Amino acid sequence: SYLREKFQDIEQEVLDLDVLKLTKNKARGEIKARKPDIVCISAFSYNRFDGFDLAKIAKEEAGAYVIFGGQHTTFLDQDTLEHVPSIDVIVRGEAEGTIVEVLQRWQEGKNLKGVKGVSYMDNGKFIRNPDREFIDITNIPMPAYDLFSTAQYKFYGIMGTRGCPYNCNFCGSPQFWKRKLRTRDPIKVVDEIEFLIKTYGKKVIHMKDDVFTADKIWARAVMEEIERRKLNIEWECLTRVNLVDKEILTLMKRTGCKLI
């Protein structure tokens, strides 16, 4: 949806291999049939090798320009690029601002010199450009749900915030999001929830925020808007025990929260 706002002439398609139950061979067939100019892949550490295999398939079957992102390659960019030659560029961290600039350079046939937030190889030499500043997520567009097989999802995943102020040693968030909490407009978050249940049917809403109640004023605004619209949903979230109290737990239960 972010790219749609910036480019009028780019056709996009999404293949969610999990939901569509696509094996790598089926994915190969889809890529071969579509012959995309660019393939973007995201992976965590646990599924990185599947992602690397897909990068190889995209290069072999379509000669595509392969952009890779996600937690694993954000931190292990050099190791990845030195071992996976099919990847043309790694987008580190938050992707929206970076990928717009990467696509502009690709369209113009220019190199990636000076593009913040990317890592790449240049004639065998590893290049890591400086990090990119975070974007303002207050009013970012709603995800392009029409590109996904949304009806097949078991629940709806929604991110109302990005980041977490804490520094747990088992979690990648502090380094990925720099321990900075950013919030979307509560009205827009509930607009998204309402759109999903009215367009694709009622399902559990899973708030994907690292800590839903990190900003209690914001969380309360979201829940009060859900209540005001009488959405009658079931939802679940993540948070910390020191970030809830009786008042906010009561409001969570009243608005349909079934699991923390």
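Small disclaimer: the values here were computed from a predicted structure and weren't measured.

Glancing now at the packing of helix 2 (residues 24–34) against helix 3 (residues 48–62). Contact geometry of helix 2 with helix 3 gives a least axis separation of 9 Å together with a crossing angle of 35°. Here helix 2 runs over helix 3; the crossing is right-handed. Residue-level inspection shows Lys24, Ala27, Arg28, Ile31 and Lys32 of helix 2 in contact with helix 3, the latter providing Asp50, Asp53, Leu54, Ile57, Ala58, Glu60, Glu61 and Ala62. Residue composition of the contact of helix 2 with helix 3, by class: six nonpolar, no polar and seven charged.

Spatially, four strands are ordered 6-9-10-11 in an open sheet, and the strand pairing comes out parallel. Sheet topology places strand 6 (156–158) and strand 11 (257–259) at the edges, where each strand pairs with a single neighbour. Sheet topology note: the strand 9 (residues 205–207)/strand 10 (residues 235–236) ladder contains two bridges and is parallel. Opposite Ile205, over in strand 10, you have Trp235 as the bridge partner. Against the sheet, helix 8 (residues 186–200) contacts strand 6 and strand 9, and its axis sits at roughly 165° relative to strand 6.

Quick look at the pairing of strand 1 (residues 38–42) now. The two faces of strand 1 differ: Val39 and Ile41 on one face are buried, but Ile38, Cys40 and Ser42 on the other face are not. As paired elements, strand 1 and strand 2 (residues 65–69) share five bridges and run parallel to each other. Residue pairing in the sheet places Cys40 in a bridge with Ile67 of strand 2. Crossover strand 1 to strand 2 through helix 3 is right-handed.

Our focus in this paragraph is the sheet that holds strand 5 (residues 125–128). Reading across the sheet, the five strands line up as 1-2-3-4-5 and stay open at both edges, with mixed pairing between neighbours. The sheet terminates laterally at strand 1 and strand 5, the two strands that pair on one side only. For this sheet, the mean inter-axis angle between neighbouring strands, taken without regard to orientation, is 20°. One ladder, built from two bridges, connects strand 3 (residues 89–91) with strand 4 (residues 118–122); its direction is antiparallel. When the sheet's bridge partners are listed, Val91 is paired in strand 4 with Val118.

Here the focus is the layout of surface pockets. Within this model, the second largest pocket holds a volume of roughly 250 Å³. In this structure, the second largest pocket is lined by 15 residues; those nearest its centre are Lys110, Asn111, Leu112, Lys113 and Tyr120. Taken together, the elements giving at least two residues each to the lining of the second largest pocket come down to helix 6 (96–108) and strand 4. Each residue belonging to the lining of the second largest pocket can be placed in one class, and the counts come to seven nonpolar, three polar and five charged.

Time to look at the nonpolar core. With 24 residues, the main nonpolar core has Ile205, Met207, Phe212 and Trp235 as its most contacted residues. Apart from the residues lying within four places of it in its own chain, the contact partners of Trp235 are Val204, Ile205, Met207, Phe212, Met223, Met252, Thr255, Gly256, Cys257, Lys258 and Leu259. By size, the runner-up hydrophobic cluster in this structure holds 19 residues, among which are Tyr65, Val91, Ile127 and Ile140.

Enumeration according to the criterion identifies 28 salt bridges in this entry. Ionic pairing is found between Arg184 and Glu192, a salt bridge with its closest N-O pair at 2.9 Å. The shortest N-O distance in the salt bridge between Arg220 and Glu247 comes to 3.7 Å. Note that Arg220 is positioned in helix 9 (residues 216–228) and Glu247 in helix 10 (residues 246–254), a separation of 27 residues in sequence. The class for Arg220 is partly exposed, based on a relative accessible area of 22%.

With that settled, the discussion passes to the packing of aromatic side chains. Using the criterion set out here, one finds 10 aromatic pairs in the structure. Linked through ring pairs, Phe75, Phe134, Phe176 and Trp177 together constitute an aromatic cluster. It is Arg182 that lies over the ring of Phe134; its NZ or CZ is 4.1 Å from the centre. The ring of Tyr166 has Arg240 lying over it, and the distance from NZ or CZ to the ring centre is 3.6 Å.

Taking 1.5 Å of rise per residue, the 13 residues of helix 9 would be expected to cover 18 Å, and the 18 Å separating its terminal C-alpha atoms lies within 8% of that figure. If you check which residues of helix 9 are buried, you get Trp218, Ala219, Val222, Met223, Glu225 and Ile226. Viewed along the axis of helix 9, the buried residues span an arc of 155°, placing them on a single side of the element. In helix 9, those exposed residues whose orientation departs by more than 90 degrees from the buried face are Ile217 and Arg228. Tucked inside the fold, the buried residues of helix 9 contact strand 7 (161–162), strand 8 (182–183), helix 8, strand 10 and helix 10. N-capping of helix 9 is provided by Asp215, with a side-chain oxygen placed 3.1 Å from the backbone N of Ile217. Of the residues one or two after helix 9, Lys230 is the one with positive phi, at around 55°.

What counts as what
In this convention, every chain numbers its residues from 1, walking through the sequence in written order. Per-residue local features are limited, in this predicted model, to residues with pLDDT of at least 70; the limit for side-chain atom pairs, both in listing and counting, is 80 or more; totals at the level of whole chains, interfaces and linings are taken over all residues. Values shown for side chains rest on all heavy atoms present in the structure; no hydrogens or waters enter the calculation. To obtain each axis, a line is fitted to C-alpha atoms, and for helices this fit is confined to the stretch in contact; angles are then taken between N-to-C directions over 0 to 180 degrees. A run of DSSP states H or I qualifies as a helix once it reaches four residues; a run of E qualifies as a strand once it reaches two. Both are numbered from the N-terminal end. Left-handed describes a crossing in which the near helix is turned anticlockwise from the far one by less than a right angle; the clockwise case is right-handed. In what follows, a contact means two residues having at least one pair of non-hydrogen atoms within 4.5 Å. Each residue is assigned to one class: nonpolar for Ala, Val, Leu, Ile, Met, Phe, Trp, Tyr, Cys and Pro, charged for Asp, Glu, Lys and Arg, and polar for all the others, Gly among them. Two strands qualify as a pair provided that DSSP identifies no fewer than 2 bridges between them. Relative accessibility thresholds used throughout: buried, under 20% of the residue-type maximum; exposed, over 50%; partly exposed, between the two (1.4 Å probe, protein chains only). The handedness of a crossover follows from its direction of travel: if, with the strands pointing away from the viewer, the path from the first strand over the helix to the second runs clockwise, the crossover is right-handed. Every definition here rests on a 1 Å grid over the protein atoms only: cavities are sets of points where a 1.4 Å probe fits but cannot get out, pockets are open sets enclosed by protein on both sides within 12 Å along at least five of seven lines, and lining residues have some atom within 4 Å of a point. Grid points are joined across faces, edges and corners, and a volume is the space filled by probe spheres set on the points. Here, the term nonpolar core denotes a set of buried Ala, Val, Leu, Ile, Met, Phe, Trp, Tyr and Cys residues that are joined through side-chain atoms within 4.5 Å. One speaks of a salt bridge when a side-chain nitrogen belonging to Lys or Arg is within 4 Å of a carboxyl oxygen belonging to Asp or Glu. Each Phe, Tyr or Trp ring, with Trp reduced to its six-membered ring, pairs with another whose centre is within 6.5 Å; inter-plane angles below 30 degrees give stacked pairs, above 60 give edge-to-face pairs, and intermediate values give tilted ones. When the NZ atom of lysine or the CZ atom of arginine is within 6 Å of a ring's centre and also within 35 degrees of its normal, the charge is said to sit over that ring. By this rule, a helix spans an expected 1.5 Å times one less than how many residues it contains. This arc is taken over the directions from the axis of the helix to the C-beta atoms. Between N or O atoms, a polar contact is any pair within 3.5 Å; within protein, one atom must be a potential hydrogen donor and the other a potential acceptor, and residues adjacent in sequence are included only when both atoms are from side chains.

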